[in-house]
Amino acid sequence: MNVTVKLTGTLVARTGTREARIAVPEDATLRDVVEKFADSYGPQVRAGVLDGERLRSDTVVVRESVDAGETLSTASSLENGDTVRFELNV
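Taken together, five strands build an open sheet; the order of strands is β2-β1-β7-β5-β6 and the sheet is mixed. In this open sheet, the two strands that pair with only one neighbour each are β2 (19-23) and β6 (69-72). Strand-to-strand twist across the sheet, computed as the mean angle between neighbouring axes with direction ignored, equals 30°. Here helix α2 (residues 30-41) sits on the sheet in contact with β1 (2-7), β2, β5 (59-64), β6 and β7 (83-88), set at roughly 110° to β2.

Here is the structure:
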């Protein structure tokens, strides 16, 4: 399945992009998306958003939808076509 990742703040500088499409298995979690994204854009992505198995305290990830945004954790399941936005509160 494909998930669109939108980046803000220092993650744009770390990766050189504001948006990317990531292919992950059907049962993927947000953690899987971060790992796949880090494989493509470098370990600075992982260090920029994760503290061990959790999101860093200064990182919020929101699933964007037409009605509203839903805050996610690394264990959150994703669906094909989801868009997730990484926001760094620094």
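A separate point is the pattern of salt bridges. Tallied over the full model, the rule gives ten salt bridges. Where glutamate 64 meets lysine 6, a salt bridge forms, and the shortest distance between an N and an O atom there is 3.3 Å. Taken together, the residues glutamate 64 in strand β5 and lysine 6 in strand β1 connect sequence positions 58 residues apart. On the accessibility criterion, lysine 6 (28% relative accessible area) is partly exposed. Of the charged contacts, one joins arginine 56 and aspartate 58 as a salt bridge, the two residues approaching to 2.6 Å between their closest N and O atoms. For arginine 56, a relative accessible area of 26% gives the class partly exposed. Judged by its relative accessible area of 14%, aspartate 58 is buried. Here the salt bridges do not stand alone but share partners, grouping Arg31, Glu35, Asp39, Arg46 and Glu53 into one network.

Let us look at the pairing of β1. Bridge count between β1 and β2: five bridges; the pairing is antiparallel. The residue bridging threonine 4 from the neighbouring strand is arginine 21, located in β2. Looking at chain direction, β1 and β7 are connected through four bridges and run parallel. Among the inter-strand pairings, leucine 7 is bridged to a residue of β7, identified as phenylalanine 86.

What follows covers α2. For α2, which comprises twelve residues, the first-to-last C-alpha distance of 16 Å matches the rise-based estimate of 16 Å (1.5 Å per residue) to within 8%. Listing the buried residues of α2 in full gives Leu30, Arg31, Val33, Val34, Phe37 and Ala38. Down the axis of α2, the buried side of the element spans an arc of 155°, and every buried residue falls inside it. α2 presents Asp39 and Ser40 as exposed residues on the side facing more than 90 degrees away from its buried surface. Directly beyond the C-terminal end of α2, a positive phi value near 110° is found at glycine 42.

The rules behind each value
Throughout this description, residue numbers start from 1 for each chain and increase along the sequence as written. Predicted model: local features are reported for residues with pLDDT of at least 70 only, side-chain atom pairs are reported and counted for 80 or more only, and whole-chain, interface and lining totals are derived from all residues. Neither water nor hydrogens contribute to the side-chain values; these are computed over all heavy atoms in the structure. DSSP calls a pair of strands paired once it identifies at least 2 bridges connecting them. Numbering of helices and strands runs from the N terminus; a helix is a DSSP stretch of H or I covering at least four residues, while a strand is a stretch of E covering at least two. With axes taken as lines fitted to C-alpha atoms, and helix axes fitted only over the stretch in contact, angles between N-to-C directions fall between 0 and 180 degrees. In what follows, a contact means two residues having at least one pair of non-hydrogen atoms within 4.5 Å. Salt bridges, as used here, are contacts in which a Lys or Arg side-chain nitrogen is within 4 Å of a carboxyl oxygen on Asp or Glu. To sort residues, take the accessible area from a 1.4 Å probe on protein chains only and compare it with the maximum for the residue type: under 20% means buried, over 50% means exposed, and anything in between is partly exposed. To estimate how far a helix should extend, the number of its residues minus one is multiplied by 1.5 Å. For this quantity, the arc is that covered by the directions from the helix axis to the C-beta atoms.

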